[in-house]
Amino acid sequence: MNEKFDAVVVGGGPAGATAALLMARAGLSVVLLERGEFPGAKNLFGGVLYRKQIEQYVPDFWKERNAPVERQIVEQRLWMMGKESLVSFSHRNEAYKEPPNCFTGLRVKFDQWYANKAVEAGAIPVFETVALEVIKEGDRVVGVRTDRDDGDLYADVVVIADGVNSLLGKQMGIHREWRPDEVSLAVKEVIQLPKEKIEDRFNVEGDEGVTIEFMGETSLGMAGMGFLYTNQDTLSLGIGVMVNHLRDKRIKPYELLNSLKQHPMIRKLIQGGETKEYSGHLIPEGGFDSIPPLSGNGWVVCGDAAQLVNFVHREGTNLAMASGQFAAEAIIEAKLKGDTSAAALKLYDEKVQGSFIHKDLKKYRGMHAMLKEINPELLFSKLPHAANEAAYQFFLVDGVPKAEKQKTAVRLIKEAAGGSMNLLKLGYKGWRSMNG
Amino acid sequence: MSQTGISDKLFLIRYKCDDKSHLLIKETDNCMKCATKDCNFFCPADVYEWDKKEKITHVAYENCIECGTCRIACPSDNIEWVYPKGGYGITYKLG
């Protein structure tokens, strides 16, 4: 298959499929390369899909028969976990239903459905094929070598969308290997539970769903977040922790997940359920300062492969899709001009820089440095513990005057932070890191 | 809800195993010198196990869920990690 195409897209996830879809629609000849049996076969995420992003490419997708979504989210909860308690913040609103804000989803179904849209638009599917390396002529990328016999694919532009473990990106020297403090490992179980039980336990009806994100003692002193999302008749329960912390703590990832399942507030929600799948995946969490150069001579890099994840807001698939879109737009423009050099593909960088991707990741730029600087025990164990203890004391009716309870609550928080000055510094640092 | 061990969990995943490992220990000496044997802990699929008698790290690549943690977290960068051959390795049914 030594043919030449306008573009070869490596990776059939949301970034690659978006790029392939939009280029195919514009009439470009595109190959969509995927190493799994089918797109999505090796993909996994926490489980939230954002309507606004997807409908730009497939309008009203959620109204399709066999729409690749589970439940539309009407309530989002944030839990700060104590050992056997939690302090909760949540928002539920009927307005999230029409139109839906976001959905829960499962990647195997979603990615297959979505990549199929690209194939329907004319992209050529080449699945079960690994891109081993890029083919270069001088300093220009002109194609990819695959693990199939006779598997060289030539193209004007190679779209690198091969995910967090972007061997291609590393091999090309676009970026060095990620450091353990730039990635989280998330492990997840999909737990089957009858619909009625889900509706009762989460107080929803029909297709309504709930997301819960949690931090605190459930990550056993490591920096990390957990999640519990409602699907149609399953729950997605998982937790991600920074890989450097996981290594230091020597806790087996699945034991972390097992311990999470025993937390009283989680246990009661998943009780009686049957685990249908266990999975694990890295999440690129390096943030703004880990984003590599996005384009060069005959190539662009999108999605997780370019560290485009907003871990503060658990957004990733939408950034992946947006980057795939910008890449496609830049390539279409470059093809029209007959110039797919680095200078022409720079348009992709400019589009990303002018978008929410750049703005959001820049806003949280300091977050990564802060997480490195502050002992994870403080943020993910001591403070959540103190908050839970303070709330417990405050609401406990035991004859102690309220003014005294208020003092106790403040004292507990201050002590956990290591004194008033430290608490102030922490607050300031936190504010700065979220508003860079 | 009952707790399941790691082998029960991995049993839920469909694998198509290549007869050749996609995970290689680069230098066996490095494992011998490694004081912490971190890979025995951080792998979500228990792929790595230090064999005290034989003094080598066993690599159960058949269990690999292709997350990439070992490649990044091995303290002596001693694991050669590549994707399994196209179509091989894990296939999730939900994701």
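Below is a summary of the structure that appears in this document. Computed from a predicted structure; not experimentally measured. Within each chain, residues carry numbers counting from 1 in the order of the written sequence. Ligands are numbered from 1 and chains lettered from A, in the order in which they are written. Given that the model is predicted, a residue must reach a pLDDT of at least 70 before its local features are reported, and side-chain atom pairs must reach 80 or more before they are shown or counted; all residues, however, enter totals for whole chains, interfaces and linings. Processing note: side-chain calculations cover all non-hydrogen atoms of the structure and skip hydrogens and water entirely.

## Concerning the overall build of chain B
For clarity, the threshold we go by: Secondary structure follows DSSP: runs of H or I at least 4 residues long count as helices, runs of E at least 2 residues long count as strands, and numbering of each begins at the N terminus. Both definitions apply: the radius of gyration is a C-alpha atom measure, and the globule rule equals 2.2 Å times residues to the power 0.38. Throughout, exposure labels follow a simple rule: accessible area from a 1.4 Å probe, protein chains only, divided by the maximum for the residue type, with under 20% read as buried, over 50% as exposed, and the rest as partly exposed. The contact definition used throughout considers only heavy atoms, calling two residues in contact when any of these lie within 4.5 Å. His is not counted, nor are the chain ends, whereas Lys and Arg count as positive and Asp and Glu as negative. Taken as the charge location is NZ of Lys, CZ of Arg, CG of Asp or CD of Glu.
Looking only at helices and strands, chain B features 4 helices and 6 strands. Secondary structure elements in chain B, listed N-terminal to C-terminal, are α-β-β-α-α-β-β-α-β-β. Relative to a compact globule of 95 residues, whose C-alpha radius of gyration would be 12 Å, chain B shows 14 Å and is just as compact. Each of the 95 residues in chain B was classed as buried or not, and the buried ones make up 48%. Here the contacts in chain B between residues at least 6 apart in sequence split such that 63% fall between residues at least 24 apart. If you average the places of the 13 positive and of the 14 negative side-chain charges in chain B, the two averages end up 3 Å apart.

## So, unusual backbone geometry
Cis geometry marks the peptide bond from Glu98(A) to Pro99(A); its omega dihedral reads -5°. Within the secondary structure layout, Pro99(A) lies in the loop between β5 (86-92) and β6 (102-104). For Asp77(B), which is not glycine, the phi dihedral falls at a positive 50°. With respect to the element layout, Asp77(B) can be found in the loop between α4 (69-73) and β5 (79-81).

## Thoughts on the pairing of strand β2 (residues 30-33) of chain A
Residues and elements named next belong to chain A. Filter applied, for reference: For two strands to be treated as a pair, DSSP must find no fewer than two bridges joining them. Here the term right-handed applies to a crossover when the path leading from its first strand over the helix to its second strand runs clockwise, the strands being oriented away from the viewer.
The alternating pattern of β2 places Val30 and Leu32 and Val31 and Leu33 on opposite faces, both of which are buried. Alignment of strand β1 (residues 4-10) against β2, held across 4 bridges, turns out to be parallel. Note that in β2 the partner of Val10 across the bridge is Leu33. As a crossover connection, the stretch from β1 through helix α1 (residues 14-25) into β2 is right-handed. Looking at chain direction, β2 and strand β7 (residues 124-126) are connected through 3 bridges and run parallel.

## A short note on the interface of chain A and chain B
Interface size is commonly expressed as the accessible area that is lost once the parts come together. Where we set the bar: Buried area is understood as the total, over both parts, of accessible area removed when two parts are fitted together, assessed with a 1.4 Å probe. By definition, a salt bridge exists where a carboxyl oxygen of Asp or Glu is found within 4 Å of a side-chain nitrogen of Lys or Arg. Here a polar contact means two N or O atoms within 3.5 Å. Within protein one must be a hydrogen donor candidate and the other an acceptor candidate, and residues neighboring in sequence count only if both atoms are side-chain atoms. Gly counts as polar in this scheme, as do all residues outside two lists: the nonpolar Ala, Val, Leu, Ile, Met, Phe, Trp, Tyr, Cys and Pro, and the charged Asp, Glu, Lys and Arg.
Counting from both sides, the interface comprises 57 residues of chain A and, opposite them, 44 residues of chain B. Both faces considered, chain A and chain B share a buried interface measuring about 4,200 Å² in area, 55% of it formed by carbon and sulfur atoms. One can count 7 salt bridges joining chain A with chain B. A salt bridge links Arg14(B) to Glu37(A), with the nearest nitrogen and oxygen atoms 3.2 Å apart. Summed over the shared surface of chain A and chain B, the number is 27 residue pairs in polar contact (both at pLDDT 80 or more). Of all elements in the fold, only α3 (107-120), α4 (167-171), β11 (183-192), α6 (243-249), α7 (253-261) and β15 (274-284) of chain A reach the threshold of two or more residues within the side of chain A that touches chain B. At 9 residues, β15(A) tops the list of elements feeding residues into the side of chain A that touches chain B. Looking at the side of chain A that touches chain B, its residues break down into 23 nonpolar, 14 polar and 20 charged.

## Here we look at the layout of surface pockets
A water-sized probe rolled over the atoms picks out the places where empty space is left. Note the following rule: Here a cavity denotes grid points, spaced 1 Å and computed from the protein atoms alone, that fit a 1.4 Å probe unable to get out, and a pocket denotes an open set having protein on both sides within 12 Å along at least 5 of 7 lines; residues with an atom within 4 Å of a point are the lining. Grid points are joined across faces, edges and corners, and a volume is the space filled by probe spheres set on the points.
When its volume is computed, the second largest pocket comes out at roughly 540 Å³. For the second largest pocket, the lining is made up of 29 residues, of which His22(B), Val82(B), Tyr83(B), Pro84(B) and Lys85(B) are closest to its centre. Within the residue set of the lining of the second largest pocket, elements represented by two or more residues are β8 (131-137) and α4 of chain A together with β1 (14-16) and β5 of chain B. No other element matches the 4 residues that α4(A) contributes to the lining of the second largest pocket.

## Brief notes about the pattern of salt bridges
Close approach of charged atoms lets side chains of opposite charge pair. All names here are of chain A. Counted according to the given criterion, the structure contains 36 salt bridges over all chains. Lys63 is paired through a salt bridge with Asp60; the nearest N and O atoms lie 3.7 Å apart. You can call Lys63 exposed: its relative accessible area is 56%. Residue class for Asp60 comes out partly exposed when judged on its relative accessible area of 38%.

## Thoughts on α1(A)
Residue and element names in this part refer to chain A. Heads up, the condition is: By this rule, a helix spans an expected 1.5 Å times one less than how many residues it contains.
Over its 12 residues, α1 runs 16 Å from end to end, which matches the ideal 16 Å to within 8%, given 1.5 Å per residue. The element α1 is extensively covered by neighbouring structure, given that 11 of its 12 residues are classed as buried. Residues Pro14, Ala15, Gly16, Ala17, Thr18, Ala19, Ala20, Leu21, Leu22, Met23 and Ala24 constitute the buried set of α1. Taken together, the buried residues of α1 touch β1, β2, α3, β10 (152-160) and α9 (317-337). Positive phi shows up at Gly27, right after α1, with a value of about 90°.

## Thoughts on α3(A)
Residues spaced three or four apart along an α-helix face the same direction, because each turn holds 3.6 residues. Residues and elements named next belong to chain A. The first and last C-alpha atoms of α3 sit 19 Å apart over 14 residues, in line with the 20 Å expected at 1.5 Å per residue. Arg107, Val108, Phe110, Asp111, Trp113, Tyr114, Ala115, Lys117 and Ala118 are the residues of α3 that are buried. Buried residues belonging to α3 abut α1, β2, β3 (48-50), α2 (51-55) and α9.

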